Amino acid sequence: MPLSTLPTLPIRLHVVSASVRPTSTARPLARWAAGQAHAHGGGRFEVTPVDLADVALPFLDEPEYASTGIYTHSHTRAWSALVDSADAFLFVLPMYNGGFTAPFKNAIDFLHREWRGKPAGLLSYSAGGSGGAPAGRMLRPVLEAVGMVPAEASVAVPGITGLVTADGFRAPEGLADELAAVLDELAALARTPVSA
């Protein structure tokens, strides 16, 4: 469904930088993606950038299972509120050794109900030619296990080191259009009622 035919209420989109490395190229790529989302469809997205390094979760330290929703730590309650406030997510993820990052998996595992029924777009990247696509493929079943709805469309950015400069991320030709397709799908999914 084209974005122009959807209701005009803003979709609360969290653009998540899924690396905690201090020199991560996820940050400039996520800033670019957040800007694209903010401008997309005449501002139909209310965009919140989220950097997992700033969230600073420890390794999962809750005594109860996430499915109980019983949280004893303030960092978990803050993360729960942040995730709960989103209608949809765009995950910006690097590929480490063929997969996605341990801190990202940890952040997912902290919660359960908060993820359910929410659409997720994937924007992966790598220094090599795959653009991190294998990490995205590995992530999909994890997202489905917590009840998220991954968009079919995704974006993979190869050769990231040559695209990030002191001025930020330089998008290669066509990348904005690829991301627009993911954003359109996220908007449509966010407006689709979740079946019980």
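Keep in mind the model is a prediction, meaning the values are calculated, not measured. (Residues numbered from 1 in each chain as written. Predicted model: local features only at pLDDT ≥ 70, side-chain atom pairs only at ≥ 80, totals over all residues. Heavy atoms only, no water.)

A. Main features of the pairing of strand β1 (residues 11-17). Taking burial as the measure, the seven residues of β1 include six buried ones, the bulk of the element. Here β1 pairs with strand β2 (residues 45-51) via seven bridges, running parallel. Paired with Val-15 across the two strands is Pro-49, which belongs to β2. After leaving β1, the chain enters helix α1 (residues 26-39) and then returns to the sheet as β2, a path that is right-handed. Where β1 and strand β3 (residues 88-94) come together, five bridges link them in parallel fashion. Note that in β3 the partner of Ser-17 across the bridge is Val-92. (Buried < 20%, exposed > 50% of the residue type's maximum accessible area, 1.4 Å probe, protein only. Helix = DSSP H or I, 4+ residues; strand = E, 2+ residues; numbered from the N terminus. Pairing = 2+ DSSP bridges. Right-handed = clockwise from strand over helix to strand, strands pointing away.)

B. Representation of unusual backbone geometry. In the Ramachandran plot, Ala-56 falls in the positive-phi region, its phi being about 55 degrees despite a non-glycine side chain. Along the polypeptide, Ala-56 turns up in the loop between α2 (52-55) and α3 (74-84). Here the phi dihedral of Asn-97 falls at roughly 50 degrees; this positive angle occurs in a residue that is not glycine. Taking relative accessible area as the criterion, Asn-97 reaches 86% and is therefore assigned exposed.

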